[in-house]
Amino acid sequence: MTRPLRIFLLLLSALCLSACGSVKLGRDFDAAGVAGRIEQNVTTQNQVRNWLGEPSSVGVSVATDGERLDEWAYYFAEGEMGDMSAAKMKLLQIKFDKQGKVRSYNWSASNK
């Protein structure tokens, strides 16, 4: 599990254990829409930043061949603390090569 995903899940878990009420984490975004615009080895960090703003978290990922990739994560979650089964959650992770172009990405979203 990548570091941004672990941080996201840890924050979400902590919020779930706190008092009842509504919670909102991160900024909402159209994960599928942005993912549909991303082209591997073409889309740049500046383009992603223009579409989504600053990432929620940044880090480094090391590929099996030792290549270091910048990793950005965007996440959003909102729901009622007493019943997270209806929560809306999204996560977009993007890896960039040393030229600042998208090497790979993945996204996921709840069906809510």
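These figures come from a predicted structure and were not determined experimentally.

**Student:** Any chance you could break down the environment of Asp 28 for me, citing the residues and the numbers?
**Tutor:** Inspection of the secondary structure assignment puts Asp 28 in the loop between β1 (22–26) and α2 (31–37). With relative accessibility at 41%, the residue Asp 28 sits in the partly exposed group. As for Asp 28 and Tyr 75, which are separated by 47 residues in sequence, their C-alpha atoms are 7.6 Å apart. When neighbours within four sequence positions are excluded, Asp 28 is seen to be in contact with Phe 76, Lys 88 and Lys 90. Within the structure, the side chain of Asp 28 is placed 2.7 Å from the side chain of Lys 90, a separation counted as a polar contact.

**Student:** Lay out the pairing of strand β2 (residues 57–62) in plain terms, naming residues and giving numbers.
**Tutor:** In the sheet, β2 pairs with strand β3 (residues 68–80) via six bridges, with the strands oriented antiparallel. Counted as the bridge partner of Val 58 is Trp 72 from β3. In this antiparallel pair of consecutive strands, β2 and β3, the connection spans five residues, and Gly 66 shows a positive phi of 95°.

**Student:** I'd love a proper account of the confidence of the model for the protein, names of residues and values included.
**Tutor:** Low-pLDDT stretches of the model should not have their predicted coordinates read in fine detail. Overall, the predicted model of the protein reaches an average pLDDT of 84, with 79% of residues at or above 70. Considering each helix and strand of the protein separately, the mean pLDDT is smallest for helix α1 (residues 3–17), with a value of 65, and largest for helix α3 (residues 45–52), with 95.

**Student:** Could you give an account of the pattern of salt bridges, naming the residues involved and the relevant values?
**Tutor:** One pass over the structure, following the stated rule, counts four salt bridges. Here Lys 90 makes a salt bridge to Asp 28, at a shortest N to O gap of 2.7 Å. One end of the pair, Lys 90, is in strand β4 (residues 83–96); the other, Asp 28, is in the loop between β1 and α2, and 62 residues separate them in sequence. The network of salt bridges with shared partners includes Asp 28, Lys 88 and Lys 90.

Parameters and conventions
- Residues numbered from 1 in each chain as written.
- Predicted model: local features only at pLDDT ≥ 70, side-chain atom pairs only at ≥ 80, totals over all residues.
- Heavy atoms only, no water.
- Helix = DSSP H or I, 4+ residues; strand = E, 2+ residues; numbered from the N terminus.
- Buried < 20%, exposed > 50% of the residue type's maximum accessible area, 1.4 Å probe, protein only.
- Contact = heavy atoms within 4.5 Å.
- Polar contact = N/O pair within 3.5 Å; in protein donor to acceptor, adjacent residues only side chain to side chain.
- Pairing = 2+ DSSP bridges.
- pLDDT = per-residue confidence, 0-100.
- Salt bridge = Lys/Arg side-chain N within 4 Å of Asp/Glu carboxyl O.

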